[in-house]
Amino acid sequence: MTQDELKTLVGQAALQYVVPGDIVGVGTGSTVNKFIDALATMKGQIKGAVSSSGASTKRLKALGIAVFDCNEVAELSVYIDGADEIDDHGYMIKGGGAALTREKIVAAQSRQFVCIADESKLVPTLGKFPLPVEVIPMATQRLIRQFAKLGGSATVRLKDGQPLVTDNGQHILDVTGLQISDPLAFESQVNQWPGVVTVGVFAHQKAHVCLLGTASGVKTLKF
Ligand code: 5RP
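Residues numbered from 1 in each chain as written. Predicted model: local features only at pLDDT ≥ 70, side-chain atom pairs only at ≥ 80, totals over all residues. Heavy atoms only, no water.

*Asks:* I'm lost on the side chain of Arg157 in this one. Help?
*Replies:* Mapped onto the fold, Arg157 is located in the loop between strand 9 (153-156) and strand 10 (158-159). Owing to a relative accessible area of 14%, Arg157 belongs among the buried residues under this scheme. At 3.0 Å, the side chain of Arg157 and the backbone oxygen of Gly96 are in polar contact. Ignoring sequence-local partners within four residues, the contact set of Arg157 consists of Gly95, Gly96, Gly97, Ala98, Pro132, Gln162, Pro163, Leu164, Ile172 and Asp174. (Helix = DSSP H or I, 4+ residues; strand = E, 2+ residues; numbered from the N terminus. Buried < 20%, exposed > 50% of the residue type's maximum accessible area, 1.4 Å probe, protein only. Polar contact = N/O pair within 3.5 Å; in protein donor to acceptor, adjacent residues only side chain to side chain. Contact = heavy atoms within 4.5 Å.)

Here is the structure:
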């Protein structure tokens, strides 16, 4: 099976976690796009979605799924999202699509985080994928120096030759060279640095379930 087919498989499998009558939390990315397409088949059974990005909002609305603002809802039963890496504790690196801040907010508002990913995303230790960090632009150079002290090499993510601007009007650093052996401690540490909006380690907002697309079908990992 191709990677795209594996994404379709887990996107469809995630429907079993959607609670009829509820509002569902929706992440961002190519795997989530497959989930959104699948969700459209049961749109009559849900109230709608809370979205983690402009891109997902656009896709949801185009398929006729109502999108609610985070502030309009108290708690969500489930949040479905992809990951750039996930380990065997359900800790993840996210933010490849630059939506990490809103993803973390919606995840924090949800009782259950269901990660959908193809098997290439499962890793023993987080850090091979460049770690995305959303930052306030005036702190960029200072934060690059901070990451260098941890052995990381941080660069500003570009789009069309200019710093990429997130849905929140901020920039993204991508940090290579890190081996994140204690994701909970690492997330707490980087969260303390002035100018960091969101670090792309999702340890405090980890996945509870991962639907992993493998050559032999969907594997369910529970954490
Ligand atoms: C976006 C994310 C995505 O979930 C992550 O990048 C995985 O994306 P894809 O499903 O396209 O591989 O964190 O900010």
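*Asks:* Would you mind showing me how to read the site of the ligand here?
*Replies:* Taken together, 17 residues are adjacent to the ligand, and Ser30, Thr31, Asp84, Gly95 and Lys121 come closest. At a separation of 2.9 Å, an oxygen atom of the ligand approaches a polar side-chain atom of Lys94. Protein contact buries 91% of the 380 Å² of open area that the ligand shows by itself. In the shell around the ligand, the residues fall into 3 nonpolar, 8 polar and 6 charged. (Near = heavy atom within 4 Å. Areas by Shrake-Rupley, 256 points an atom, 1.4 Å probe, with all protein chains shown as cover. Nonpolar A, V, L, I, M, F, W, Y, C, P; charged D, E, K, R; others polar.)

*Asks:* Quick question: what am I supposed to make of the environment of Val10 here?
*Replies:* Along the chain, Val10 turns up in helix 1 (residues 3-13). With a relative accessible area of 0%, Val10 lands in the buried category. With 207 residues separating them along the chain, Val10 and Gly217 place their C-alpha atoms 8.9 Å apart. Not counting chain neighbours up to four residues away, the residues in contact with Val10 comprise Thr31, Ile116, Ala117, Leu211, Leu212, Gly213 and Val218.

*Asks:* What am I meant to see in helix 3 (residues 54-62) here?
*Replies:* Residues lying three or four places apart along an α-helix face the same way, a consequence of the helix completing one turn every 3.6 residues. For helix 3, the complete set of buried residues consists of Ser56, Thr57 and Leu60. Looking straight down helix 3, one finds its buried side chains confined to an arc of 100°; they lie on one side. Facing away from the buried side of helix 3, by more than 90 degrees, are the exposed residues Ala55, Lys58 and Ala62. If you follow the buried residues of helix 3, they end up packed against strand 1 (23-26), helix 2 (30-39), strand 2 (48-51) and strand 3 (67-68). Positive phi appears at Gly64, one or two residues downstream of helix 3, with a value of about 80°. (Arc of directions from axis to C-beta.)

*Asks:* Explain a nonpolar patch on the surface to me, please; I cannot follow it from the model alone.
*Replies:* On the surface, Ile136, Met138 and Val197 cluster together to form a nonpolar patch covering roughly 300 Å² of accessible area. Inspection of the secondary structure puts Ile136 in the loop between strand 8 (131-135) and helix 5 (140-149). (Patch = residues over 30% accessible without salt bridge, like charges linked within 9 Å, V, L, I, M, F, W, Y side chains within 5 Å. Salt bridge = Lys/Arg side-chain N within 4 Å of Asp/Glu carboxyl O.)

*Asks:* Hey, could you run me through the pairing of strand 4 (residues 76-81) in this one?
*Replies:* Working note: regular strand, side chains alternate between the two faces of the sheet. Counted residue by residue, strand 4 has 6 buried out of 6 residues, so it is predominantly covered. Of the pairings in the sheet, the one linking strand 1 to strand 4 comprises 2 bridges and is parallel in character. Across the sheet, Val26 pairs through a bridge with Ile80, a residue of strand 4. In this structure, strand 4 lies alongside strand 7 (residues 110-118), joined through 5 bridges in parallel fashion. Directly across from Asp81, in strand 7, lies its bridge partner Cys115. (Pairing = 2+ DSSP bridges.)

*Asks:* What should I look at first to understand the domain arrangement of the protein in this one?
*Replies:* A common way to express how large an interface is: the accessible area buried when the components associate. By domain assignment, the protein separates into domain 1 (3-122 + 204-222) and domain 2 (131-198). Centre-to-centre, using C-alpha coordinates, domain 1 lies 24 Å away from domain 2. The interface of domain 1 with domain 2 comprises 15 residues on the first partner and 17 residues on the second. Between domain 1 and domain 2, a total of about 1300 Å² is buried, with carbon and sulfur atoms accounting for 55% of that surface. Interface area lost by domain 1 to domain 2 is led by Leu100, Thr101 and His204, which between them contribute 38%. Lys104 is the salt-bridge partner of Glu187, the closest N and O atoms lying 2.6 Å from each other. Joining domain 1 to domain 2, the criterion identifies 9 residue pairs in polar contact (both at pLDDT 80 or more). A per-element tally of the side of domain 1 that touches domain 2 places helix 4 (residues 100-108) first, with 4 residues. When the residues that make up the side of domain 1 that touches domain 2 are grouped by side-chain class, the tally is 4 nonpolar, 7 polar and 4 charged. (Domains from an automatic or database assignment. Buried area = accessible area lost by both parts, 1.4 Å probe.)

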